[in-house]
Amino acid sequence: MRLHDCLASANGYKVRTLFAQLGLAYELVPVDIFAGESHTADFHEKNPDGRIPVLEPEPGRFLAESNAILLFLAEGTRLLPEDRFARAQVHQWMFFEQNTVEPNLGTARYWRLTGREPQQPEAFRQRVAAGTRALEAMERHLHTRTFLVEERYTVADLCLFAYVHLAPEAGVALTPYPSVLAWLERVRAQPGFIGALPPYPANARVR
Ligand SMILES: N[C@@H](CCC(=O)N[C@@H](CS)C(=O)NCC(=O)O)C(=O)O
């Protein structure tokens with residue numbers, strides 16, 4: 001299997017972590033998204049949306065969207081429940097991540113770390129406010145639970161971990177969310193967990 005990815009991407013990090021946790025080998029195909037490599041005609045054949053990560057499970061077949069890739073790879077493993085309702089709850093949290101966490105905490109972090117925040121202070125403030133509401137929702141849910149679904153580690157926990165653990169880099173402290181902090185530690189303790197994301201490369205910074 002090949003993974004078209006950029007190492008600084010937390011969406012890619014989800015997939016790389018899952019590969020490690022499932023003990024699956026893969027070939028990394030680096031894509032310099034900051035140099036426009038995901039917006040060539042050739043890359044648009046892989047993902048018409050021009051974004052990474054893109055999984056190539058076999059030559060010439062491509063799957064985009066990090067959470068679709070997670071669900072594809074987790075199929076039939078301990079990380080994705082077979083029970084229909086529990087599986088729907090996994091989907092619930094993964095949709096929540098894409099609707100509420102990634103576009104707010106993820107974008108705010110990207111703007112802040114690459115010098116884009118001063119260009120759009122009001123938009124930044126709105127992203128932080130919406131990201132904070134997402135953390136409040138997670139705190140309410142995790143207050144009485146060990147993991148997001150059915151008290152067991154699933155691919156939903158890995159999915160949410162990616163941008164939530166980076167919230168401080170978006171300027172959002174996690175100290176008001178003790179249940180979220182305790183959950184992050186439980187996720188980090190999972191076998192096969194990989195370490196920190198590399199920083200954004202120099203060419204990601206706005207000039
Ligand atoms: N919803 C997508 C988002 C993917 C995404 O935003 N990828 C970013 C890197 S984290 C990217 O490729 N950006 C390049 C661009 O938009 O030109 C997913 O979960 O995979």
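To keep things clear, this report deals only with the structure shown in the data block.

Calculation rules
- Residues numbered from 1 in each chain as written.
- Predicted model: local features only at pLDDT ≥ 70, side-chain atom pairs only at ≥ 80, totals over all residues.
- Heavy atoms only, no water.
- Phe/Tyr/Trp six-rings, centres within 6.5 Å; stacked < 30°, edge-to-face > 60°.
- Buried < 20%, exposed > 50% of the residue type's maximum accessible area, 1.4 Å probe, protein only.
- Near = heavy atom within 4 Å.
- Polar contact = N/O pair within 3.5 Å; in protein donor to acceptor, adjacent residues only side chain to side chain.
- Areas by Shrake-Rupley, 256 points an atom, 1.4 Å probe, with all protein chains shown as cover.
- Nonpolar A, V, L, I, M, F, W, Y, C, P; charged D, E, K, R; others polar.
- Axes fitted to C-alpha atoms, helices over the stretch in contact; angles between N-to-C directions.
- Helix = DSSP H or I, 4+ residues; strand = E, 2+ residues; numbered from the N terminus.
- Left-handed = near helix turned anticlockwise from the far one by under 90°.
- Contact = heavy atoms within 4.5 Å.
- Disulfide = S-S within 2.5 Å.
- Pairing = 2+ DSSP bridges.
- Salt bridge = Lys/Arg side-chain N within 4 Å of Asp/Glu carboxyl O.

1. So, the packing of aromatic side chains
- A full pass over the atoms with the stated rule returns 7 aromatic pairs.
- Between Phe 147 and Tyr 153 the ring centres are 6.0 Å apart and the planes differ by 70°, which places this aromatic pair in the edge-to-face class. One exposure class covers both Phe 147 and Tyr 153, and it is buried.

2. What about the site of the ligand?
- What surrounds the ligand is a group of 13 residues, the closest being His 39, Ile 52, Glu 65, Ser 66 and Gln 98.
- His 39 has a polar side-chain atom sitting 2.7 Å from an oxygen atom of the ligand.
- Taken by itself the ligand offers 510 Å² of open surface, and the protein chains cover 80% of this.
- Of the residues belonging to the shell around the ligand, the class tally is 3 nonpolar, 7 polar and 3 charged.

3. Some details on the packing of helix α6 (residues 155–164) against helix α7 (residues 178–188)
- The interhelical angle for the contact between α6 and α7, taken along N-to-C directions, is 115°, at an axis separation of 10 Å. The interaxial crossing formed by α6 with α7 has left-handed handedness. The segment α6 lies against α7, with Asp 157, Leu 160, Phe 161 and Val 164 engaging Val 180, Trp 183, Leu 184, Val 187 and Arg 188.
- A breakdown of the residues in the contact of α6 with α7 according to their chemical character gives 7 nonpolar, no polar and 2 charged.

4. Notes on the state of the cysteines
- Scanning all chains against the criterion turns up 0 disulfides.
- Its sulfur unpaired, Cys 6 is 18 Å from the next cysteine sulfur, which belongs to Cys 159.
- By relative accessible area, Cys 6 is classed as buried at 9%.

5. Topic: the sheet that holds strand β2 (residues 27–30)
- With mixed pairing, 4 strands are arranged side by side in an open sheet as β2-β1-β3-β4. One side of each edge strand has no neighbouring strand; the edge strands of this open sheet are β2 and β4 (61–64). Adjacent strand axes in the sheet meet at a mean angle of 25°, parallel and antiparallel pairs treated alike.
- In this sheet, β2 lies alongside strand β1 (residues 2–5) in parallel orientation, the contact comprising 4 bridges. Within β2, the position partnered with Asp 5 by the bridge is Pro 30.

6. Remarks on the pattern of salt bridges
- All told, the structure shown has 11 salt bridges when counted by the stated rule.
- A salt bridge links Arg 2 to Glu 56, with the nearest nitrogen and oxygen atoms 3.4 Å apart. With a gap of 54 residues between them, Arg 2 in strand β1 and Glu 56 in strand β3 (residues 54–58) connect regions that are remote in the sequence.
- Lys 46 serves as the salt-bridge partner of Asp 42, at 3.0 Å between the closest nitrogen and oxygen. In this pair, Asp 42 and Lys 46 are both assigned in helix α2 (residues 41–46), 4 residues apart and thus about one turn of the helix distant.
- With relative accessibility at 15%, the residue Lys 46 sits in the buried group.

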